[in-house]
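Fold and contact review
Listed below, chain by chain, are the residues.
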Amino acid sequence: MLAYGLPAAGITMMPSSLIEIGGEQHFITERFDRKAGGAKVFTQTLSAVNPSASSYEDLFRTARKQGVPQKEIDELFARTAFNFLAGNVDDHNKNFSFLMDGSGLWHISPAYDMTFTVELGDELQNYHFLPLMGKVKNISDKDLLEFARMNDVRSPDKILEKVKCAIEKFPSFAGECGVDALTAKRINDYLQRLLG
């Protein structure tokens, strides 16, 4: 499962695991919008903060406007690269969120809904919800690095390399999660094409 590669890619996520119920594996994760004891954390999706957001450019502009710290802007780039290089085409504006801490400062939420969502065998359906520099597919390393420079991301080459190394480990993650060999191979073959 690619979600297990998020920490390896430098992407923050809540603690999660697989549990077996009735012979089937289920992915479970802790909520990020609740503290211990059930207290709510003020959380808003990109769609709620900026209803007109319809691109990765809008996502980054909104994060800057919210005053998100630079370290998290850099991680937002890792998430962007991961979505394009790991086949997560379900990257709409409700799958990015912001949290406000107790002092009123905004942060990006831990990552969620980041997994392989490509419809194998139906290439026409595999385009991203949010475009990057006007493109919804066939995003190259050059595109990602240019986008990173336009958005003042620090060390984008290193971030991109870390994301790619995590995606390269997919066969190992798939094996740990019990993904059958044929499915794992089909996904990995697609990922290799994305990685170029």
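The coordinates are above.
One structure accompanies this document, and this report is about it. Computed from a prediction, not measured in an experiment: that's the story for all the values here.

1. Concerning the packing of helix α5 (residues 156-168) against helix α7 (residues 181-195)
- Contact pair α5 / α7: the axes reach a minimum separation of 10 Å and the direction vectors enclose 160 degrees. It follows from the interaxial angle that α5 and α7 lie roughly antiparallel. Our pair here, α5 against α7, has a crossing hand that is left-handed. Residues Lys-164, Ile-167 and Glu-168 of α5 lie in contact with α7, whose contacting residues are Leu-191, Gln-192 and Leu-195.

2. Notes on the environment of Arg-61
- Residue position: Arg-61 is located in helix α2 (residues 56-65).
- Taking relative accessible area as the criterion, Arg-61 reaches 51% and is therefore assigned exposed.
- For the pair formed by Arg-61 and Asn-151, sequence separation is 90 residues and the distance between their alpha carbons is 8.5 Å.

3. Some details on helix α4 (residues 141-150)
- For α4, every residue scored as buried is listed here: Asp-143, Leu-144, Leu-145, Phe-147 and Ala-148.
- Each element contacted by the buried residues of α4 is listed here: α2, α3 (70-85) and α5.
- Residue Asp-152 follows α4 closely and has a positive phi angle near 55 degrees.

4. Description of the pattern of salt bridges
- Under the counting rule described, the total for this entry stands at eight salt bridges.
- The closest approach of N and O atoms between Arg-34 and Asp-33, which form a salt bridge, is 3.5 Å.
- For Asp-33, a relative accessible area of 18% gives the class buried.
- Asp-143 is the salt-bridge partner of Lys-135, the closest N and O atoms lying 2.7 Å from each other.
- The partly exposed category is assigned to Lys-135, whose relative accessible area is 30%.
- Three or more residues joined by partner-sharing salt bridges are found here, namely Arg-31, Asp-33 and Arg-34.

5. Details of the side chain of Asp-58
- Topologically, Asp-58 is positioned in helix α2.
- Separated by 2.6 Å, the side chains of Asp-58 and Arg-61 make a polar contact.
- Not counting chain neighbours up to four residues away, the residues in contact with Asp-58 comprise Asn-50, Ser-52 and Ala-53.

The rules we used
- Residues numbered from 1 in each chain as written.
- Predicted model: local features only at pLDDT ≥ 70, side-chain atom pairs only at ≥ 80, totals over all residues.
- Heavy atoms only, no water.
- Axes fitted to C-alpha atoms, helices over the stretch in contact; angles between N-to-C directions.
- Helix = DSSP H or I, 4+ residues; strand = E, 2+ residues; numbered from the N terminus.
- Parallel < 35°, antiparallel > 145°, perpendicular 65-115°, else oblique.
- Left-handed = near helix turned anticlockwise from the far one by under 90°.
- Contact = heavy atoms within 4.5 Å.
- Buried < 20%, exposed > 50% of the residue type's maximum accessible area, 1.4 Å probe, protein only.
- Salt bridge = Lys/Arg side-chain N within 4 Å of Asp/Glu carboxyl O.
- Polar contact = N/O pair within 3.5 Å; in protein donor to acceptor, adjacent residues only side chain to side chain.

Interpretation in functional terms is not warranted from these geometric data alone.
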